[in-house]
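# Analysis of the macromolecular model
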Amino acid sequence: MSDLGGNIETLLAAMMGVVATVWAVGFAAYVFIYGYFEKRYLDAAFGKVGLSDAERAQMLCRVQCNRLVYWGYLIAGVIAAVSILSSAAVLALGDPRWVCWAYAAFLAAMVAHIILFSAELKSSIEQMTDLVAKNQPKGLA
């Protein structure tokens, strides 16, 4: 018999769904973004096409940042799995003493994904800023 109560059980189940959805959507988006990068820029990143040293250095810096984000998604995936498993364990055990751990794991998973999404937005903004600056007519500042 569960001592959790209907509201906590519903909340734990919802937390499991939210974490799974956020991780899956984020990972799918990042796989799409990498696919675009691979098709459009991978040869340039490996120096197979003509780039100046400065352009190649900038490209390699972005590749390094993308690698860190992939590691972040791997770590966030582990945190998401821990969150889902901890919520499932609390539901299975029915012991309210463990609810705080499920909440903490959920919070950690959400924070990790917010950081990743923010890093990706920052990267996209920087890339667009560079693109605009390189294509700005000489007479405009």
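Above: the structure in question.
Throughout what follows, the structure given in this document is the object of discussion. (Residues numbered from 1 in each chain as written. Predicted model: local features only at pLDDT ≥ 70, side-chain atom pairs only at ≥ 80, totals over all residues. Heavy atoms only, no water.)

## Here we look at the overall build of the protein chain
Along the backbone of the protein chain there are 3 helices and 0 strands. Put simply, the protein chain runs from its N terminus to its C terminus through helices and strands in the order α-α-α. In terms of C-alpha radius of gyration, the protein chain reaches 21 Å, well past the compact-globule figure of 14 Å for 141 residues. Across the 141 residues that make up the protein chain, the buried fraction comes to 23%. Long-range contacts, defined as pairs at least 24 residues apart, comprise 76% of the intrachain contacts of the protein chain with a sequence gap of at least 6. Here the protein chain has roughly 9500 Å² of accessible surface; of this, 71% comes from carbon and sulfur atoms. Distance between charge centres in the protein chain, computed from 10 positive and 10 negative side chains, equals 11 Å. (Helix = DSSP H or I, 4+ residues; strand = E, 2+ residues; numbered from the N terminus. Rg over C-alpha atoms; globule rule 2.2 N^0.38 Å. Buried < 20%, exposed > 50% of the residue type's maximum accessible area, 1.4 Å probe, protein only. Contact = heavy atoms within 4.5 Å. Areas by Shrake-Rupley, 256 points an atom, 1.4 Å probe, with all protein chains shown as cover. Lys, Arg positive; Asp, Glu negative; His and termini not counted. Charge placed at Lys NZ, Arg CZ, Asp CG, Glu CD.)

## Comments concerning the layout of surface pockets
As a volume, the largest pocket reaches approximately 660 Å³. If you trace the largest pocket, you find 21 residues lining it, with Phe37, Tyr41, Met59, Arg62 and Gln127 closest to the centre. Of all the elements in the fold, those that place two or more residues in the lining of the largest pocket are helix 1 (6–45), helix 2 (53–93) and helix 3 (99–135). Here the lining of the largest pocket takes 8 residues from helix 3, the largest share from any one element. The residue inventory of the lining of the largest pocket, partitioned by class, reads 10 nonpolar, 5 polar and 6 charged. Here the second largest pocket defines a volume of roughly 260 Å³. Cys65, Ala119, Lys122, Ser123 and Glu126 are the residues nearest the centre of the second largest pocket, which is lined by 14 residues in total. For the lining of the second largest pocket, the elements supplying multiple residues, two or more each, are helix 2 and helix 3. For the lining of the second largest pocket, the class distribution of residues is 7 nonpolar, 3 polar and 4 charged. (1 Å grid on protein atoms, 1.4 Å probe; cavity = no way out; pocket = protein on both sides within 12 Å on 5 of 7 lines; lining within 4 Å. Points joined across faces, edges and corners; volume = space filled by probe spheres on them. Nonpolar A, V, L, I, M, F, W, Y, C, P; charged D, E, K, R; others polar.)

## Describing the environment of Leu68
Secondary-structure assignment places Leu68 in helix 2. Relative accessible area serves as the criterion here: at 53%, Leu68 is assigned to the exposed category. Sequence separation between Leu68 and Asn7 is 61 residues; the distance between their C-alpha atoms is 38 Å.

## With respect to the packing of aromatic side chains
The final tally for this structure, using the stated rule, is 2 aromatic pairs. Plain terms: the ring middles of Trp23 and Phe27 are 5.2 Å apart, the flat faces sit at 10° to each other, and that makes the pair stacked. Here Trp23 pairs with Phe27, and both are found in helix 1, just 4 residues apart, close to one helical turn. On the numbers, 6.4 Å between centres and 75° between planes, the contact of Phe27 with Tyr73 is edge-to-face. Of this pair, Phe27 sits in helix 1 while Tyr73 sits in helix 2, placing them 46 residues apart in sequence. Judged by its relative accessible area of 32%, Phe27 falls in the partly exposed class. (Phe/Tyr/Trp six-rings, centres within 6.5 Å; stacked < 30°, edge-to-face > 60°.)

## Some details on the environment of Thr129
Residue position: Thr129 is located in helix 3. By relative accessible area, Thr129 is classed as partly exposed at 47%. Spatially, the C-alpha atoms of Thr129 and Val99 are 45 Å apart, while their sequence positions differ by 30 residues.

## Topic: a nonpolar patch on the surface
On the surface, Leu93, Trp98 and Trp101 cluster together into a nonpolar patch covering about 400 Å² of accessible area. Tracing the sequence through the fold places Leu93 in helix 2. Accessibility expressed as a relative area gives 59% for Leu93, which makes it exposed. (Patch = residues over 30% accessible without salt bridge, like charges linked within 9 Å, V, L, I, M, F, W, Y side chains within 5 Å. Salt bridge = Lys/Arg side-chain N within 4 Å of Asp/Glu carboxyl O.)

## What about helix 3?
Between its terminal C-alpha atoms helix 3 stretches 54 Å, which fits the 54 Å expected from 37 residues at 1.5 Å a residue. Within helix 3, burial applies to Val99, Ala102, Ala105, Ala109, Met110, Ala112, His113, Leu116 and Glu120. (Expected span 1.5 Å × (residues − 1).)

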